[in-house]
Amino acid sequence: MFKIGFDNDKYLKLQSERIKERISEFGGKLYLEFGGKLFDDYHASRVLPGFQPDSKLQMLLQLKEHAEIVIVISAQDIEKNKRRGDLGITYDSDVIRLIDAFSGIGLYVSSVVLTKYEPNPKALAFENRLKKLGVSVYHHYVIDGYPSNISHIVSDDGYGTNDYIKTSRSLVVVTAPGPGSGKMATCLSQLYHENKRGIKAGYAKFETFPIWNLPLNHPVNAAYEAATADLNDINMIDPWHLAAYGKTTVNYNRDVEIFPVLKAVFDEIYGASPYKSPTDMGVNMAGSCIIDDEAVREAAKQEIIRRYFTALRAEAAGESKSSEIYRLELLMKQAEISVNSRICAAAARKKAEETGEPAAAIELNDGTVVTGRTSKLMGCASAMLLNALKRLAGIDDDVLLIVPEVIIPVQELKVNHLGNHNPRLHTDEVLLALSISAVTDKNAALAMEQLCNLKNCEMHSSVMLAQVDENLLRKLGIRLTCDPKRK
């Protein structure tokens, strides 16, 4: 059942105010390392129901007169054709996408930084492409002894070898297409160069997860560990914050481990570090905007289970390690949940066992569970989709929304003319047939009107679905999991 647990309007207000405060704390210039996704933070929207996927972007728009964006990409990642797992596009292509998207909504992209720079052919070609687009390009290099040799790093032979990035606004947002691009190193290099020029500037980090002022074992923080199980990120009490202030806050292992190095860099640049802990560096206000703790706890538990099913599918395809699955199983035990805690999964498996056919189940936003099974006419996802629309529209189960006279010609087209071996209708074909029927059938028209009410519903299939089905369900906003089995 979907329940709002997060006040998005409050978040936008508090977050923009906090960043403005941090800018003023450093005398009017702040380099803000921006973690996570700016445009499409669907993880946050799933575990904090009410959080909008573009919330961070909307927050930046409130600051757009003061902000400019620097995009960081590793030259090594360009050479390796590294790809974003969610979009399937290379990092360099994503940089172009980000530039277009930011510019399209009025945010100023001032430059791109090529980190770990070596003049390999792909990096050179990408640089030339950026310059033709009128984008400034800077080079940062691998520094010997990084990150332990602080005296060398913070010197003319270390950060001093990097290009100085020319910026003009008080807030410089440093973002990247993915992790490991060099955002933090870019920020610290700029602090060195700004200090050499007599310009007072500061650094802060904006990461939504883990949420520092939620308990360590809170499901929302556990869901972050589930999302990064492949990276082996581990939430932990920030020992630096506890020692400095006597207060318990949550951070994650990589920031805690690197903090002594960061503090030493700050000491070298400023003479004294402005921060006593990794938590001090953050500006995240998400934890202060939770309005229903039980709702976000349940949403986060469902996310952990979804991540588990995703890892099982990846393992079946040879794309995941057993260690990732073991980590997710441990997180589920710690959260006192199992796959049966996912209502739609239990319902789909039960339906499949009863019928001997692949089955799917959806939990509607009011908690109602609707199922569907594979038949000669359509797959289990298609059957479930029609049954769900009937339930939402208040139409009796025995009413046919699409008569066989409409379905059969579509099947004949697929098999006899388009070379398909499977005559069953996929979800996109079912919706096309339903939309045609809606022209003359009142019930079909009523069912079509309910499509918007499928957003945020939880769904499970007892078998892996065709990609066309998964794509359509995602577009409808349905949160799908599947057992790692073929039909």
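Nothing here was measured: the structure is a model prediction, and the numbers come from that model. (Residues numbered from 1 in each chain as written. Predicted model: local features only at pLDDT ≥ 70, side-chain atom pairs only at ≥ 80, totals over all residues. Heavy atoms only, no water.)

### Thoughts on the overall build of the protein chain
Broken down by element type, the protein chain carries 20 helices and 12 strands. For the protein chain, whose C-alpha radius of gyration is 25 Å, the value lies close to the compact-globule estimate of 23 Å for 487 residues. For the protein chain, the proportion of its 487 residues judged to be buried stands at 52%. Intrachain contacts of the protein chain at a sequence separation of at least 6 include 67% that bridge at least 24 residues. Surface exposure of the protein chain reaches about 21800 Å², of which carbon and sulfur atoms provide 51%. (Helix = DSSP H or I, 4+ residues; strand = E, 2+ residues; numbered from the N terminus. Rg over C-alpha atoms; globule rule 2.2 N^0.38 Å. Buried < 20%, exposed > 50% of the residue type's maximum accessible area, 1.4 Å probe, protein only. Contact = heavy atoms within 4.5 Å. Areas by Shrake-Rupley, 256 points an atom, 1.4 Å probe, with all protein chains shown as cover.)

### Topic: the sheet that holds strand 12 (residues 479–482)
Taken in spatial order, the four strands line up as 10-9-11-12 in an open sheet, and their pairing is mixed. Edge positions in the sheet fall to strand 10 (369–373) and strand 12, since each has one partner strand and no second. Strand after strand, the sheet turns through a mean of 15° between neighbouring axes, direction not considered. Pairing geometry for strand 9 (residues 359–363) and strand 11 (residues 458–461), over four bridges, is antiparallel. Residue pairing in the sheet places A360 in a bridge with S461 of strand 11. (Pairing = 2+ DSSP bridges. Axes fitted to C-alpha atoms, helices over the stretch in contact; angles between N-to-C directions.)

### Observations regarding the packing of helix 5 (residues 91–104) against helix 6 (residues 121–132)
Where helix 5 contacts helix 6, the two axes come as close as 11 Å, and the packing angle between them is 10°. Compared by their axis directions, helix 5 and helix 6 come out roughly parallel. Considering how the two elements wind past one another, helix 5 and helix 6 form a crossing that is right-handed. Within the contact between the two elements, helix 5 uses D92, V95, I96 and I99 and helix 6 uses F126, R129 and L130. (Parallel < 35°, antiparallel > 145°, perpendicular 65-115°, else oblique. Left-handed = near helix turned anticlockwise from the far one by under 90°.)

### Comments concerning the pairing of strand 11
Residues E458 and H460 of strand 11 are buried on one face, and the alternating residues M459 and S461, pointing to the opposite face, are buried as well. Sheet topology note: the strand 11/strand 12 ladder contains four bridges and is parallel. Bridge assignment links E458 to a residue of strand 12, and that residue is R479. In the classification by handedness, the crossover that spans strand 11, the intervening helix 20 (residues 467–475) and the parallel strand 12 is right-handed. (Right-handed = clockwise from strand over helix to strand, strands pointing away.)

### A few points about unusual backbone geometry
Phi is mostly negative for residues that are not glycine, and the peptide bonds are mostly trans. Cis geometry marks the peptide bond from Y146 to P147, where omega comes out at 5°. Here the residue pair F209 and P210 is connected by a cis peptide bond, since its omega of -5° sits within 30 degrees of zero. As for its position among the elements, P210 is in the loop between strand 6 (202–206) and helix 9 (219–227). Look at N81: it is not a glycine, yet its phi comes out positive at around 55°. Among the secondary structure elements, N81 is positioned in the loop between helix 4 (75–79) and helix 5.

### Structural notes on the packing of helix 9 against helix 14 (residues 322–334)
Helix 14 packs onto helix 9 with a crossing angle of 170° between their chain directions and a minimal axis gap of 10 Å. With respect to helix 14, the element helix 9 is oriented roughly antiparallel. Judged by residue contacts, A222, E225 and A226 of helix 9 engage R327, L328 and L331 from helix 14. Broken down by class, the residue content of the contact of helix 9 with helix 14 amounts to four nonpolar, no polar and two charged. (Nonpolar A, V, L, I, M, F, W, Y, C, P; charged D, E, K, R; others polar.)

In short, the description is geometric, and any link to function would need to be established separately.
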